[in-house]
Amino acid sequence: MADIGLVGLGVMGANLALNMAEKGYSVAVFNRTTEKTDAFIANAGSLAERLTPCKTLTELAEAVEPPRPVVIMVKAGEAVDSQADILAGHLAQGDILIDAGNANFHDTRRRVKEFADRGIDFLGVGVSGGEEGARHGPSVMAGGKPEAWARVEKIFNDIAAKFEGESCAALVGPEGAGHFVKTIHNGIEYADMQMIAEIYGIMRDGLGMAPAEMAEVFDQWNNGPLKSYLIEITAAVLGTTDPKTGGPLVDIILDTAGQKGTGRWSVIEAQDLGSPATVIEAAVAARSLSSQKEQRVADEALFGAAPRKIGPALGDRNSAMIILEEAMLAGKIAAYAQGFAVMAKASESFGWDLPLGTVAKIWRAGCIIRSAFLDDIASTYEADGAIRSLMTVEPFTGMLKATHGSLRRVCAEASLKGVPVLALGSALGYFDFARTARSTADLTQAQRDFFGAHGFERLDEPGKVAHGPWSNA
Ligand code: NBP
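Below: a short report on this structure. (Residues numbered from 1 in each chain as written. Predicted model: local features only at pLDDT ≥ 70, side-chain atom pairs only at ≥ 80, totals over all residues. Heavy atoms only, no water.)

Once that is clear, we can look at the overall build of the protein. When helices and strands are counted, the protein shows 19 helices and 10 strands. Relative to the compact-globule value of 23 Å for 473 residues, the protein shows a C-alpha radius of gyration of 25 Å, a close match. Considered along the principal axes of its C-alpha atoms, the protein spans approximately 75 × 65 × 45 Å. By the burial criterion, 51% of the 473 residues in the protein qualify as buried. When contacts within the protein are restricted to residue pairs at least 6 apart in sequence, long-range pairs at least 24 apart make up 67% of them. Only carbon and sulfur atoms are counted for the fraction: they give 54% of the accessible area of the protein, which is about 21400 Å². The positive charge centre, built from 44 side chains, and the negative charge centre, built from 59, are 2 Å apart in the protein. (Helix = DSSP H or I, 4+ residues; strand = E, 2+ residues; numbered from the N terminus. Rg over C-alpha atoms; globule rule 2.2 N^0.38 Å. Buried < 20%, exposed > 50% of the residue type's maximum accessible area, 1.4 Å probe, protein only. Contact = heavy atoms within 4.5 Å. Areas by Shrake-Rupley, 256 points an atom, 1.4 Å probe, with all protein chains shown as cover. Lys, Arg positive; Asp, Glu negative; His and termini not counted. Charge placed at Lys NZ, Arg CZ, Asp CG, Glu CD.)

Our next topic: the nonpolar core. Ranked by size, the top nonpolar core spans 95 residues in total, and within it Phe340 and Trp363 carry the most contacts. With residues near it in sequence (within four places) discarded, phenylalanine 340 still touches Leu356, Ala360, Trp363, Leu374, Ile377, Tyr381 and Leu390. One finds Met12, Tyr25, Leu123 and Val152 within the second-largest nonpolar core, a separate group that totals 37 residues. (Core = buried A, V, L, I, M, F, W, Y, C linked by side-chain atoms within 4.5 Å.)

With that out of the way, let us pick up the packing of aromatic side chains. The description of an aromatic ring pair uses the distance of the two centres, along with the angle that the planes make with each other. A complete count under the given rule lists 15 aromatic pairs for this structure. With a centroid separation of 5.1 Å and 70° between ring planes, the pair formed by phenylalanine 218 and tryptophan 221 is classed as edge-to-face. Taken as a pair, phenylalanine 218 and tryptophan 221 lie in helix H9 (residues 211–221) at a separation of three residues, close to a single helical turn. Relative to phenylalanine 373, the ring of tyrosine 336 has its centre 5.0 Å away and its plane inclined at 80°; by these criteria the two rings are edge-to-face. Of this pair, tyrosine 336 sits in helix H14 (residues 317–350) while phenylalanine 373 sits in helix H16 (residues 372–383), placing them 37 residues apart in sequence. Assigned by exposure class, tyrosine 336 and phenylalanine 373 land together as buried. Ring pairing ties together the aromatic residues Phe105, Phe180, Phe350 and Trp352, which thus form one cluster. In this structure, arginine 287 is placed above the aromatic ring of tyrosine 190, and the distance from its NZ or CZ to the ring centre is 3.7 Å. Cation over ring: arginine 370 sits above tyrosine 229, and NZ or CZ is 4.0 Å from the ring centre. (Phe/Tyr/Trp six-rings, centres within 6.5 Å; stacked < 30°, edge-to-face > 60°. Lys NZ or Arg CZ within 6 Å of the ring centre and 35° of its normal.)

Looking now at the sheet that holds strand E5 (residues 96–99). The eight strands lie next to each other as E3-E2-E1-E4-E5-E6-E7-E10, forming an open sheet whose pairing is mixed. On the outer flanks of this sheet lie strand E3 (51–54) and strand E10 (169–173), each paired with one strand and no other. Across the sheet, the mean angle from the axis of one strand to that of its neighbour is 25°, orientation sign disregarded. As paired elements, strand E4 (residues 69–72) and E5 share four bridges and run parallel to each other. (Pairing = 2+ DSSP bridges. Axes fitted to C-alpha atoms, helices over the stretch in contact; angles between N-to-C directions.)

This next bit is on the site of the ligand. What surrounds the ligand is a group of 20 residues, the closest being Val11, Met12, Asn31, Thr33 and Lys36. Between an oxygen atom of the ligand and a main-chain N or O atom of methionine 12, the distance comes to 2.8 Å. Taking lysine 75, its main chain carries an N or O atom lying 3.2 Å from an oxygen atom of the ligand. Protein coverage of the free-state accessible area of the ligand, which is 910 Å², stands at 75%. (Near = heavy atom within 4 Å. Polar contact = N/O pair within 3.5 Å; in protein donor to acceptor, adjacent residues only side chain to side chain.)

Bringing helix H8 (residues 177–206) into the picture now. Its 30 residues give H8 an end-to-end C-alpha distance of 42 Å, which sits within 8% of 44 Å, the value for a rise of 1.5 Å per residue. In terms of burial, H8 is largely enclosed, as 26 of its 30 residues are buried. Immediately beyond the C-terminal end of H8, within one or two residues, lies glycine 208, with a positive phi of roughly 65°. (Expected span 1.5 Å × (residues − 1).)

Let's shift gears to unusual backbone geometry. Of note, the bond from glutamate 394 into proline 395 is cis; its omega dihedral lies within 30 degrees of zero at 10°. Note that proline 395 resides in the loop between H16 and helix H17 (396–417). Residue proline 469 follows glycine 468 across a cis peptide bond; omega there is 0°. With respect to the helices, strands and loops of the structure, proline 469 is situated in the segment after helix H19 (441–452). The backbone phi angle of glutamate 175 is positive, close to 30°, even though this residue is not glycine. Phi angles above zero are rare outside glycine, and aspartate 353 is one such case at about 55°. Tracing the backbone through its elements, the reader meets aspartate 353 in the loop between H14 and helix H15 (356–362). On the basis of relative accessibility, which here comes to 67%, the residue aspartate 353 falls in the exposed class.

Moving on to a nonpolar patch on the surface. A surface patch of nonpolar side chains, amounting to about 350 Å² of accessible area, comprises Phe450, Phe451 and Trp470. Positionally, tryptophan 470 belongs in the segment after H19. (Patch = residues over 30% accessible without salt bridge, like charges linked within 9 Å, V, L, I, M, F, W, Y side chains within 5 Å. Salt bridge = Lys/Arg side-chain N within 4 Å of Asp/Glu carboxyl O.)

Before going further, it helps to spend a moment on the packing of H9 against helix H10 (residues 229–238). Axis angle and axis distance: for two packed helices, these are the angle between their axes and the distance between the axes, and together they describe the pair. Two numbers describe how H9 lies on H10: the axes approach to 8 Å, and their chain directions differ by 160°. Judged by the inter-axis angle, H9 sits roughly antiparallel to H10. For the pair H9 and H10, the crossing hand works out as left-handed. In contact with Pro211, Ala212, Met214, Ala215, Phe218, Asp219 and Trp221 of H9, H10 contributes Ile231, Thr234, Ala235 and Leu238. (Parallel < 35°, antiparallel > 145°, perpendicular 65-115°, else oblique. Left-handed = near helix turned anticlockwise from the far one by under 90°.)

Tracing the backbone through its elements, the reader meets glycine 463 in the segment after H19. A sequence separation of 410 residues divides glycine 463 from proline 53, and the C-alpha atoms of the two residues are 67 Å apart.

In structure tokens, the structure reads:
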């Protein structure tokens with residue numbers, strides 16, 4: 001009988017099943033469209049002998065050795081509910097349903113409760129790394145009961161990415177914690193990608209660099225503090241030639257970016273928790289703005305194109321590249337500080353006790369935001385899990401002190417010439433706000449009291465609610 005069942009042979013499910021089979025597990029597989037199951041088995045090569053194709057969910061439940069772990073890897077939302085509901089009808093006490101898709105963590109919290117009532121453990125497991133990660137080693141962020149995780153931990157440890165031999169799979173908390181952490185991972189991914197895109201915009205439109213030249217710079221940056229998968233693939237992307245035109249492939253790609261929801265969810269949760277993630281917000285907004293292509297074309301005609309040429313304002317080519325690298329690093333510190341602060345707030349609000357050091361550790365390999373930088377974050381949180389903000393602890397404080405001037409110069413020059421820097425600008429604004437001891441909220445409080453009698457606290461009478469008096473109120 002099979003060690004585990006897997007429902008959904010899309011990009012992620014098919015590759016996870018092959019990964020499991022390669023690690024020696026026998027896997028019973030099912031897909032709604034059965035032709036896909038047949039094609040999957042036909043293309044599985046020698047791994048097919050460890051794969052049991054099933055035509056129905058009943059067949060799948062019967063093919064797995066009890067207590068059965070069954071992974072569901074289908075489109076998030078209703079598809080998960082429908083597959084889990086049918087499966088549960090064939091499962092018994094002690095069996096485990098594992099939703100490994102990108103679920104909204106509120107849905108996972110609900111499902112954990114619903115299935116607990118039916119005697120079935122439900123794990124919400126975030127899986128990152130795309131197709132390649134799923135096949136050869138993803139980062140795995142699990143949420144649920146420790147006893148349930150303990151029964152499948154070995155399988156996930158075996159298929160997960162390894163960082164210096166350590167598995168990038170871990171239980172990060174109860175119920176929806178795994179999917180929450182995955183959501184914030186994706187939010188940070190949006191922020192990283194948008195900041196890289198803005199730096200690319202400055203290089204392309206502000207400095208007139210060709211993609212091949214930019215590819216070399218990103219390649220160099222991948223040996224420094226920005227070393228990461230996203231910087232590595234940016235170099236590869238910019239260095240790719242279109243076989244049809246012979247020109248850079250990036251130049252013929254329509255400039256509208258898609259999104260599937262996790263970035264938006266991370267912003268909604270950040271706002272709900274009162275822990276703003278301005279860089280992620282800007283990144284999500286930038287994708288939405290990018291999709292309004294027709295309006296952008298019309299507005300460029302209406303207002304005229306911005307000059308965009310930054311020219312030598314950032315110094316010679318070498319100096320400009322150093323300034324851009326430092327700006328990106330400063331922006332990254334702010335974005336990660338925000339993402340980790342949101343997780344810390346969620347941990348407190350939901351009583352999850354999220355191990356942020358472990359979260360950073362399992363993001364060091366396998367996932368899309370994997371980077372050298374995360375190793376520093378992991379060490380920082382391992383040393384003190386209760387830090388207030390990543391920006392306020394070493395080595396990040398020192399890095400920010402050394403680089404925020406470059407972020408400021410880049411944002412200033414880009415703004416002067418009309419090159420949009422939504423995410424980098426948000427990072428700078430966040431940093432500046434964070435280090436402003438006396439903010440301008442005194443005026444906001446005064447206005448709120450003026451129009452709505454909301455009250456304010458006087459500096460000379462702490463703890464008391466005061467009102468006006470306002471002239472002409
Ligand atoms: P795909 O689009 O490649 O596959 C979707 C799967 O969902 C197929 O097996 C499809 O079956 C099944 N499905 C759908 Br759509 N509606 C269904 C329904 N009502 N009932 C049963 N099955 C249904 O998606 P994917 O990229 O493999 O993503 C799967 C999950 O993993 C998603 O939650 C996604 O957000 C998450 N994820 C994706 C990535 C990535 O890089 N792609 C990374 C991390 C997480 P069918 O063949 O019959 O249509």
